[in-house]
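# Architecture at a glance
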Amino acid sequence: MTFSLGNSDLQQLRVRHQISKSNGKQPRILMTIDAVGGVWRYAMDLATELVEWGIETVFAGFGPPPSERQLREVSGKRIVIWTDAPLDWTTDREDRLDEIPDLLANLVASNGIDIVHLNLPSQGAGLDVDVPVVVMSHSCVVTWFRAVRNSAPPADWVWQKQRNRSGFDRADIVVSPSESHAEALRLNYGQIPNLQVVHNSSRAPLCSLPKEDFVFAAGRWWDEGKNGAVLDLAAPCLTWPLVMAGASFGPNGQQCTIINAKHVEHLAHEDTMALMSRAAIVASPSLYEPFGLVPLEAARCGAALVLADIPTYRELWDGAALFADPRDPRAFADAINRLTSDAKLRIDLARLAQKRSSTFSPGAQAGEMAEIYTRLTRGFTVPQHWSLA
(Lines give C-alpha, C1' and ligand atoms only; values in the text may rest on other atoms or scores of the structure.)
Protein backbone atom coordinates (compact mmCIF):
# COMPACT_ATOMS: atom_id res chain seq x y z
CA MET A 1 0.00 0.00 0.00
CA THR A 2 1.21 3.49 -0.83
CA PHE A 3 0.02 6.86 0.39
CA SER A 4 1.12 10.31 -0.69
CA LEU A 5 2.72 12.83 1.58
CA GLY A 6 2.08 16.53 2.12
CA ASN A 7 2.76 19.48 4.41
CA SER A 8 0.73 18.34 7.41
CA ASP A 9 -1.97 15.99 6.16
CA LEU A 10 0.28 13.54 4.27
CA GLN A 11 -1.07 14.58 0.89
CA GLN A 12 1.18 14.47 -2.16
CA LEU A 13 3.66 17.27 -2.62
CA ARG A 14 4.68 18.02 -6.18
CA VAL A 15 6.71 20.49 -8.10
CA ARG A 16 8.26 20.09 -11.49
CA HIS A 17 11.75 21.51 -11.83
CA GLN A 18 12.22 23.41 -15.02
CA ILE A 19 14.76 21.27 -16.84
CA SER A 20 16.26 22.67 -20.00
CA LYS A 21 15.75 20.44 -23.00
CA SER A 22 18.20 22.37 -25.16
CA ASN A 23 20.91 19.75 -24.69
CA GLY A 24 18.61 16.74 -24.82
CA LYS A 25 16.39 14.96 -22.32
CA GLN A 26 17.75 14.87 -18.80
CA PRO A 27 17.16 12.04 -16.35
CA ARG A 28 14.53 11.84 -13.66
CA ILE A 29 15.63 9.78 -10.67
CA LEU A 30 13.55 7.78 -8.22
CA MET A 31 15.47 7.95 -4.94
CA THR A 32 14.47 5.97 -1.86
CA ILE A 33 14.70 7.74 1.49
CA ASP A 34 13.89 7.27 5.14
CA ALA A 35 13.22 9.79 7.90
CA VAL A 36 15.13 8.04 10.69
CA GLY A 37 18.84 8.42 10.03
CA GLY A 38 21.41 10.18 7.92
CA VAL A 39 19.87 9.09 4.61
CA TRP A 40 17.41 11.97 4.88
CA ARG A 41 20.18 14.59 5.02
CA TYR A 42 22.14 12.83 2.27
CA ALA A 43 19.12 12.68 -0.04
CA MET A 44 17.93 16.24 0.56
CA ASP A 45 21.37 17.73 0.00
CA LEU A 46 22.20 15.61 -3.04
CA ALA A 47 18.85 16.26 -4.71
CA THR A 48 19.24 20.01 -4.14
CA GLU A 49 22.66 19.96 -5.77
CA LEU A 50 21.51 17.76 -8.67
CA VAL A 51 19.04 20.45 -9.74
CA GLU A 52 22.07 22.45 -10.86
CA TRP A 53 22.98 19.54 -13.11
CA GLY A 54 19.54 19.42 -14.71
CA ILE A 55 18.44 16.31 -12.81
CA GLU A 56 15.06 15.94 -11.13
CA THR A 57 14.53 13.72 -8.10
CA VAL A 58 11.35 11.91 -7.08
CA PHE A 59 11.49 10.59 -3.50
CA ALA A 60 10.00 7.29 -2.34
CA GLY A 61 9.90 7.04 1.45
CA PHE A 62 10.10 3.90 3.57
CA GLY A 63 9.84 3.29 7.30
CA PRO A 64 8.43 5.67 9.94
CA PRO A 65 6.89 8.79 8.38
CA PRO A 66 8.78 12.09 8.48
CA SER A 67 8.33 14.73 11.14
CA GLU A 68 6.62 18.04 10.53
CA ARG A 69 10.05 19.67 10.32
CA GLN A 70 11.10 17.23 7.63
CA LEU A 71 7.87 17.77 5.75
CA ARG A 72 8.47 21.50 5.75
CA GLU A 73 11.89 20.92 4.25
CA VAL A 74 10.47 19.22 1.17
CA SER A 75 7.18 21.12 0.99
CA GLY A 76 6.70 22.53 -2.48
CA LYS A 77 10.09 21.31 -3.68
CA ARG A 78 9.79 17.63 -4.54
CA ILE A 79 7.49 14.83 -5.47
CA VAL A 80 7.34 12.73 -2.32
CA ILE A 81 5.54 9.42 -2.04
CA TRP A 82 5.60 7.56 1.28
CA THR A 83 4.94 3.84 1.50
CA ASP A 84 3.89 1.47 4.26
CA ALA A 85 6.89 -0.77 3.65
CA PRO A 86 9.47 -0.92 6.47
CA LEU A 87 13.21 -0.41 6.46
CA ASP A 88 15.05 -3.71 6.58
CA TRP A 89 16.70 -2.91 9.93
CA THR A 90 13.41 -1.95 11.60
CA THR A 91 11.62 -5.26 11.00
CA ASP A 92 12.28 -8.82 12.10
CA ARG A 93 9.98 -10.19 9.38
CA GLU A 94 11.61 -10.61 6.02
CA ASP A 95 8.27 -11.08 4.31
CA ARG A 96 7.39 -7.45 5.12
CA LEU A 97 9.91 -6.51 2.42
CA ASP A 98 8.35 -8.66 -0.29
CA GLU A 99 6.12 -5.84 -1.51
CA ILE A 100 9.02 -3.47 -2.19
CA PRO A 101 9.92 -4.62 -5.74
CA ASP A 102 6.35 -4.11 -6.97
CA LEU A 103 6.05 -0.76 -5.17
CA LEU A 104 9.20 0.52 -6.82
CA ALA A 105 8.31 -0.89 -10.24
CA ASN A 106 4.93 0.85 -10.11
CA LEU A 107 6.55 4.15 -9.11
CA VAL A 108 9.04 3.86 -11.96
CA ALA A 109 6.23 3.31 -14.45
CA SER A 110 3.88 5.98 -13.09
CA ASN A 111 6.45 8.76 -12.66
CA GLY A 112 8.44 8.50 -15.88
CA ILE A 113 11.58 7.42 -14.05
CA ASP A 114 14.85 7.00 -15.92
CA ILE A 115 17.14 5.84 -13.09
CA VAL A 116 16.48 4.19 -9.72
CA HIS A 117 18.76 5.24 -6.85
CA LEU A 118 18.28 2.97 -3.84
CA ASN A 119 19.62 4.06 -0.46
CA LEU A 120 19.19 0.58 1.02
CA PRO A 121 20.80 -2.35 -0.85
CA SER A 122 18.06 -4.76 0.23
CA GLN A 123 15.54 -2.69 -1.74
CA GLY A 124 17.15 -3.98 -4.92
CA ALA A 125 16.40 -7.63 -4.16
CA GLY A 126 13.94 -8.95 -6.75
CA LEU A 127 13.56 -5.56 -8.43
CA ASP A 128 12.39 -5.93 -12.03
CA VAL A 129 12.57 -2.61 -13.88
CA ASP A 130 13.80 -1.63 -17.32
CA VAL A 131 15.91 1.29 -16.12
CA PRO A 132 19.39 1.35 -14.56
CA VAL A 133 19.69 0.81 -10.81
CA VAL A 134 22.22 2.52 -8.55
CA VAL A 135 22.57 1.12 -5.03
CA MET A 136 24.12 3.28 -2.30
CA SER A 137 25.40 1.44 0.77
CA HIS A 138 25.26 3.97 3.59
CA SER A 139 25.51 1.20 6.17
CA CYS A 140 24.16 -2.28 6.76
CA VAL A 141 23.39 -4.67 9.58
CA VAL A 142 26.18 -7.05 8.56
CA THR A 143 29.03 -4.50 8.61
CA TRP A 144 27.49 -2.87 11.72
CA PHE A 145 27.64 -6.11 13.72
CA ARG A 146 31.21 -6.76 12.61
CA ALA A 147 32.37 -3.27 13.64
CA VAL A 148 30.32 -2.84 16.81
CA ARG A 149 30.15 -6.38 18.25
CA ASN A 150 32.87 -8.14 16.24
CA SER A 151 30.41 -10.82 15.23
CA ALA A 152 28.09 -11.88 12.45
CA PRO A 153 24.44 -10.88 12.76
CA PRO A 154 22.28 -13.22 14.85
CA ALA A 155 20.88 -16.26 13.07
CA ASP A 156 17.41 -14.77 12.68
CA TRP A 157 18.93 -11.83 10.77
CA VAL A 158 20.89 -13.87 8.21
CA TRP A 159 18.27 -12.93 5.65
CA GLN A 160 19.56 -9.35 5.86
CA LYS A 161 22.86 -10.40 4.36
CA GLN A 162 21.11 -12.42 1.66
CA ARG A 163 18.84 -9.50 0.73
CA ASN A 164 21.74 -7.08 0.58
CA ARG A 165 23.79 -9.44 -1.57
CA SER A 166 20.84 -9.73 -3.96
CA GLY A 167 20.62 -5.94 -4.08
CA PHE A 168 24.32 -5.62 -4.87
CA ASP A 169 23.99 -8.21 -7.62
CA ARG A 170 20.95 -6.41 -9.08
CA ALA A 171 22.66 -3.02 -9.19
CA ASP A 172 24.34 -1.63 -12.26
CA ILE A 173 26.57 0.38 -9.92
CA VAL A 174 27.11 0.04 -6.14
CA VAL A 175 28.34 3.18 -4.40
CA SER A 176 30.14 3.41 -1.05
CA PRO A 177 30.78 6.71 0.76
CA SER A 178 34.35 5.75 1.72
CA GLU A 179 37.10 3.32 0.83
CA SER A 180 36.90 1.93 4.37
CA HIS A 181 33.25 1.00 4.01
CA ALA A 182 33.89 -0.42 0.54
CA GLU A 183 36.54 -2.69 2.04
CA ALA A 184 34.15 -3.72 4.84
CA LEU A 185 31.56 -4.64 2.20
CA ARG A 186 34.09 -6.80 0.35
CA LEU A 187 35.19 -8.52 3.56
CA ASN A 188 31.62 -9.32 4.58
CA TYR A 189 29.95 -10.00 1.22
CA GLY A 190 32.77 -11.06 -1.09
CA GLN A 191 33.69 -9.27 -4.28
CA ILE A 192 31.34 -6.61 -5.65
CA PRO A 193 32.70 -5.93 -9.16
CA ASN A 194 30.64 -2.81 -9.82
CA LEU A 195 31.59 -1.06 -6.55
CA GLN A 196 32.96 2.48 -6.55
CA VAL A 197 33.46 5.22 -3.98
CA VAL A 198 31.75 8.62 -3.99
CA HIS A 199 32.38 10.58 -0.82
CA ASN A 200 29.47 12.17 0.98
CA SER A 201 29.37 15.92 1.41
CA SER A 202 27.80 18.70 3.43
CA ARG A 203 26.10 21.88 2.30
CA ALA A 204 26.88 23.52 5.65
CA PRO A 205 28.59 26.85 4.94
CA LEU A 206 32.21 27.39 5.91
CA CYS A 207 32.28 29.62 8.96
CA SER A 208 34.65 30.69 11.71
CA LEU A 209 32.39 32.16 14.36
CA PRO A 210 33.84 32.97 17.80
CA LYS A 211 34.08 29.74 19.76
CA GLU A 212 32.88 28.96 23.26
CA ASP A 213 34.55 26.70 25.81
CA PHE A 214 32.42 23.59 25.52
CA VAL A 215 32.53 20.22 23.77
CA PHE A 216 29.72 19.23 21.45
CA ALA A 217 28.61 15.85 20.09
CA ALA A 218 25.63 14.90 17.96
CA GLY A 219 24.20 11.54 16.98
CA ARG A 220 21.41 9.01 17.18
CA TRP A 221 22.57 7.97 20.63
CA TRP A 222 20.16 5.05 20.78
CA ASP A 223 22.30 3.44 18.08
CA GLU A 224 24.96 1.37 19.84
CA GLY A 225 27.29 2.09 16.94
CA LYS A 226 27.27 5.82 17.77
CA ASN A 227 28.78 4.84 21.12
CA GLY A 228 27.23 7.60 23.19
CA ALA A 229 27.85 5.67 26.40
CA VAL A 230 31.64 6.04 26.21
CA LEU A 231 31.37 9.79 25.74
CA ASP A 232 28.96 10.12 28.65
CA LEU A 233 31.39 8.14 30.83
CA ALA A 234 34.18 10.49 29.76
CA ALA A 235 32.18 13.61 30.67
CA PRO A 236 33.06 13.74 34.42
CA CYS A 237 36.78 13.76 33.51
CA LEU A 238 36.49 16.70 31.11
CA THR A 239 37.66 20.21 31.98
CA TRP A 240 34.96 21.71 29.74
CA PRO A 241 31.21 20.99 29.68
CA LEU A 242 29.97 18.37 27.23
CA VAL A 243 26.72 18.81 25.30
CA MET A 244 25.28 15.74 23.55
CA ALA A 245 22.47 16.44 21.06
CA GLY A 246 20.31 13.72 19.57
CA ALA A 247 17.67 11.12 20.27
CA SER A 248 18.32 8.58 23.02
CA PHE A 249 15.30 6.39 22.17
CA GLY A 250 15.18 4.41 18.92
CA PRO A 251 12.31 3.21 16.72
CA ASN A 252 12.56 -0.37 18.00
CA GLY A 253 12.90 0.43 21.68
CA GLN A 254 16.68 0.99 21.65
CA GLN A 255 17.90 3.32 24.40
CA CYS A 256 21.03 5.12 25.54
CA THR A 257 20.90 6.66 29.00
CA ILE A 258 22.89 9.90 29.20
CA ILE A 259 23.65 10.90 32.78
CA ASN A 260 26.81 12.98 32.96
CA ALA A 261 26.64 15.18 29.87
CA LYS A 262 24.08 17.87 29.18
CA HIS A 263 21.64 16.16 26.83
CA VAL A 264 19.41 17.86 24.28
CA GLU A 265 17.02 15.19 23.01
CA HIS A 266 15.44 16.75 19.93
CA LEU A 267 16.85 19.50 17.75
CA ALA A 268 16.09 20.45 14.18
CA HIS A 269 19.09 20.14 11.90
CA GLU A 270 19.50 23.91 11.67
CA ASP A 271 19.42 24.20 15.48
CA THR A 272 22.01 21.44 15.80
CA MET A 273 24.24 23.28 13.36
CA ALA A 274 23.79 26.55 15.25
CA LEU A 275 24.88 24.91 18.49
CA MET A 276 27.74 23.07 16.79
CA SER A 277 29.04 26.32 15.27
CA ARG A 278 29.57 27.73 18.78
CA ALA A 279 31.56 24.76 20.11
CA ALA A 280 35.35 24.94 20.09
CA ILE A 281 35.62 21.13 20.09
CA VAL A 282 33.36 18.51 18.50
CA ALA A 283 33.76 14.85 19.42
CA SER A 284 32.53 11.71 17.67
CA PRO A 285 33.10 8.40 19.51
CA SER A 286 31.44 6.15 16.89
CA LEU A 287 32.40 2.50 16.63
CA TYR A 288 30.81 2.34 13.18
CA GLU A 289 30.74 5.05 10.53
CA PRO A 290 30.72 4.31 6.80
CA PHE A 291 31.35 8.05 6.34
CA GLY A 292 30.37 10.20 9.32
CA LEU A 293 28.60 13.47 8.60
CA VAL A 294 29.06 15.06 12.04
CA PRO A 295 32.85 15.53 11.75
CA LEU A 296 32.43 17.05 8.29
CA GLU A 297 29.78 19.51 9.46
CA ALA A 298 31.87 20.34 12.54
CA ALA A 299 34.97 20.91 10.42
CA ARG A 300 33.06 23.29 8.18
CA CYS A 301 31.98 25.15 11.33
CA GLY A 302 35.62 25.61 12.33
CA ALA A 303 35.67 23.22 15.30
CA ALA A 304 38.61 21.09 16.36
CA LEU A 305 37.84 17.36 16.09
CA VAL A 306 38.34 14.49 18.52
CA LEU A 307 37.35 11.29 16.75
CA ALA A 308 37.15 7.58 17.36
CA ASP A 309 40.21 5.78 16.04
CA ILE A 310 38.35 3.75 13.41
CA PRO A 311 39.31 3.12 9.77
CA THR A 312 36.82 5.55 8.24
CA TYR A 313 37.85 8.48 10.39
CA ARG A 314 41.53 7.75 9.83
CA GLU A 315 40.92 7.63 6.08
CA LEU A 316 39.09 10.94 5.97
CA TRP A 317 40.61 13.00 8.81
CA ASP A 318 44.12 11.71 9.56
CA GLY A 319 46.37 14.72 10.16
CA ALA A 320 43.43 17.03 10.86
CA ALA A 321 42.05 15.62 14.14
CA LEU A 322 42.99 13.92 17.39
CA PHE A 323 42.01 10.25 17.69
CA ALA A 324 41.09 8.14 20.71
CA ASP A 325 40.21 4.53 21.44
CA PRO A 326 36.40 4.47 21.15
CA ARG A 327 36.13 1.77 23.82
CA ASP A 328 38.11 3.74 26.41
CA PRO A 329 36.34 6.69 28.09
CA ARG A 330 39.59 7.84 29.72
CA ALA A 331 41.35 7.95 26.35
CA PHE A 332 38.57 10.14 24.95
CA ALA A 333 38.70 12.42 27.98
CA ASP A 334 42.49 12.75 27.69
CA ALA A 335 42.32 13.65 23.99
CA ILE A 336 39.62 16.27 24.59
CA ASN A 337 41.46 17.72 27.59
CA ARG A 338 44.62 17.98 25.50
CA LEU A 339 42.74 20.37 23.22
CA THR A 340 41.07 22.31 26.02
CA SER A 341 44.49 23.02 27.53
CA ASP A 342 46.33 23.83 24.28
CA ALA A 343 44.71 26.69 22.40
CA LYS A 344 47.32 26.69 19.63
CA LEU A 345 46.85 23.00 18.88
CA ARG A 346 43.08 23.45 19.01
CA ILE A 347 43.14 26.33 16.54
CA ASP A 348 45.65 24.62 14.25
CA LEU A 349 43.58 21.42 14.07
CA ALA A 350 40.40 23.39 13.47
CA ARG A 351 42.03 25.13 10.49
CA LEU A 352 43.36 21.87 9.11
CA ALA A 353 39.96 20.19 9.45
CA GLN A 354 38.19 23.08 7.76
CA LYS A 355 40.65 22.95 4.89
CA ARG A 356 40.15 19.19 4.59
CA SER A 357 36.37 19.64 4.58
CA SER A 358 36.55 21.43 1.23
CA THR A 359 37.53 18.08 -0.29
CA PHE A 360 34.02 16.81 0.42
CA SER A 361 32.07 19.46 -1.46
CA PRO A 362 28.47 19.07 -2.61
CA GLY A 363 29.52 19.99 -6.13
CA ALA A 364 32.09 17.23 -6.27
CA GLN A 365 29.65 14.65 -4.93
CA ALA A 366 26.87 15.69 -7.29
CA GLY A 367 29.27 15.73 -10.21
CA GLU A 368 30.42 12.18 -9.54
CA MET A 369 26.85 10.94 -9.11
CA ALA A 370 25.77 12.81 -12.26
CA GLU A 371 28.58 11.10 -14.15
CA ILE A 372 27.31 7.71 -12.95
CA TYR A 373 23.73 8.49 -13.93
CA THR A 374 24.79 9.77 -17.34
CA ARG A 375 27.02 6.79 -18.00
CA LEU A 376 24.17 4.41 -17.18
CA THR A 377 21.55 6.27 -19.23
CA ARG A 378 23.51 6.47 -22.44
CA GLY A 379 20.65 8.20 -24.24
CA PHE A 380 20.93 11.39 -22.19
CA THR A 381 23.03 14.33 -23.28
CA VAL A 382 25.37 15.94 -20.78
CA PRO A 383 24.59 19.65 -20.32
CA GLN A 384 27.27 22.00 -21.60
CA HIS A 385 28.25 23.19 -18.10
CA TRP A 386 29.06 19.65 -16.91
CA SER A 387 32.73 18.78 -16.57
CA LEU A 388 33.07 15.03 -16.22
CA ALA A 389 36.61 14.52 -17.45
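The rules we used
- Residues numbered from 1 in each chain as written.
- Predicted model: local features only at pLDDT ≥ 70, side-chain atom pairs only at ≥ 80, totals over all residues.
- Heavy atoms only, no water.
- Phe/Tyr/Trp six-rings, centres within 6.5 Å; stacked < 30°, edge-to-face > 60°.
- Helix = DSSP H or I, 4+ residues; strand = E, 2+ residues; numbered from the N terminus.
- Lys NZ or Arg CZ within 6 Å of the ring centre and 35° of its normal.
- Salt bridge = Lys/Arg side-chain N within 4 Å of Asp/Glu carboxyl O.
- Buried < 20%, exposed > 50% of the residue type's maximum accessible area, 1.4 Å probe, protein only.
- Contact = heavy atoms within 4.5 Å.
- Core = buried A, V, L, I, M, F, W, Y, C linked by side-chain atoms within 4.5 Å.
- Pairing = 2+ DSSP bridges.
- Axes fitted to C-alpha atoms, helices over the stretch in contact; angles between N-to-C directions.
- Parallel < 35°, antiparallel > 145°, perpendicular 65-115°, else oblique.
- Left-handed = near helix turned anticlockwise from the far one by under 90°.
- Nonpolar A, V, L, I, M, F, W, Y, C, P; charged D, E, K, R; others polar.

### Section: the packing of aromatic side chains
Under the defined criterion, the tally for this structure stands at seven aromatic pairs. On the numbers, 5.9 Å between centres and 85° between planes, the contact of Phe-145 with Trp-157 is edge-to-face. With Phe-145 in helix H4 (residues 141-148) and Trp-157 in the loop between H4 and helix H5 (158-170), the pair connects residues that are twelve residues apart, well separated along the chain. One aromatic cluster is present, built from ring pairs that chain together Trp-144, Phe-145 and Trp-157. It is Arg-314 that lies over the ring of Phe-323; its NZ or CZ is 4.0 Å from the centre.

### A few points about the pattern of salt bridges
Counted under the stated rule, the structure contains 18 salt bridges. Of the charged contacts in the structure, one is a salt bridge between Arg-163 and Glu-94, with a shortest N-O distance of 3.0 Å. Residue Arg-163 is found in helix H5, and its partner Glu-94 is found in the loop between strand S4 (79-83) and helix H3 (100-110); the two are separated by 69 residues along the sequence. Overall, Glu-94 belongs to the partly exposed group, its relative accessible area being 31%. Of the charged contacts in the structure, one is a salt bridge between Asp-318 and Arg-314, with a shortest N-O distance of 2.9 Å. For Arg-314, a relative accessible area of 32% puts it in the partly exposed group.

### Details of the side chain of His-181
Along the chain, His-181 turns up in helix H6 (residues 179-189). Judged by its relative accessible area of 3%, His-181 is buried. Contacts of His-181, omitting those with residues within four sequence positions, involve Ser-137, His-138, Ser-139, Thr-143, Ser-176, Tyr-288 and Pro-290.

### Remarks on the nonpolar core
Among the nonpolar cores identified, the biggest contains 58 residues, and Phe-216, Val-282, Leu-305, Val-306, Trp-317, Phe-332 and Ile-336 are the most heavily contacted of them. Among all residues touching Val-282, those that are not within four sequence positions of it are Phe-216, Met-276, Val-294, Ala-298, Ala-303, Ala-304, Leu-305 and Val-306. Grouped together as the second largest cluster of nonpolar side chains are 38 residues, Ile-79, Leu-104, Val-116 and Ala-182 included.

### Structural notes on the sheet that holds strand S10 (residues 242-245)
Pairing in this open sheet of six strands is parallel, and the strands run S11-S10-S9-S12-S13-S14 from one edge to the other. Of all the strands in the sheet, just strand S11 (262-264) and strand S14 (322-324) have a single pairing partner and so form its edges. The sheet shows a mean angle of 25° between the axes of neighbouring strands, taken without regard to direction. Across the sheet, helix H8 (residues 269-276) touches strand S9 (212-218), S10 and strand S12 (279-284), and the angle it forms with S9 is around 145°.

### Regarding the side chain of Glu-289
With respect to the secondary-structure elements, Glu-289 resides in the loop between S12 and helix H9 (293-300). For Glu-289, a relative accessible area of 10% corresponds to the buried category. Discounting chain neighbours no more than four positions away, the residues touching Glu-289 are Lys-226, Ile-310, Thr-312 and Tyr-313.

### A closer look at the pairing of S9
Within S9, five of the seven residues are buried, leaving the element largely enclosed by the surrounding structure. Bridging between S9 and S12 involves three bridges; their strand directions are parallel. Looking at S12, one finds that Glu-212 is bridged to Ala-279.

### Section: the environment of Cys-301
In this structure, Cys-301 sits in the loop between H9 and strand S13 (304-308). With residues near it in sequence (within four places) discarded, Cys-301 still touches Cys-207, Lys-211, Met-273, Met-276, Ser-277 and Gln-354.

### Digging into H4
An α-helix turns once every 3.6 residues. As a result, residues three or four positions apart point the same way. Along H4, six of the eight residues are buried, which leaves the element largely enclosed by surrounding structure. Buried within H4 we find Val-141, Val-142, Thr-143, Trp-144, Phe-145 and Val-148. Considering only its buried residues, H4 is in contact with H5 and H6.

### Brief notes about the packing of H8 against H9
Running from N to C, H8 and H9 point in directions that differ by 55°, and their axes come no closer than 10 Å. The angle between H8 and H9 places the two elements in the oblique class. Regarding H8 and H9, the two cross each other, and that crossing is right-handed. Of H9, the residues touching H8 (which contributes His-269, Met-273 and Met-276) are Val-294, Glu-297 and Ala-298. Among the residues forming the contact of H8 with H9, the class breakdown is four nonpolar, one polar and one charged.

### Let's talk about the pairing of S4
Counting buried positions over the five residues of S4 gives five, a clear majority of the element. Neither face of S4 is exposed, since Ile-79, Ile-81 and Thr-83 on one face and Val-80 and Trp-82 on the opposite face are all buried. Relative to S4, strand S3 (residues 56-61) is paired through four bridges, and the arrangement is parallel. Following the sheet pairing, Phe-59 is matched in S4 by Val-80.

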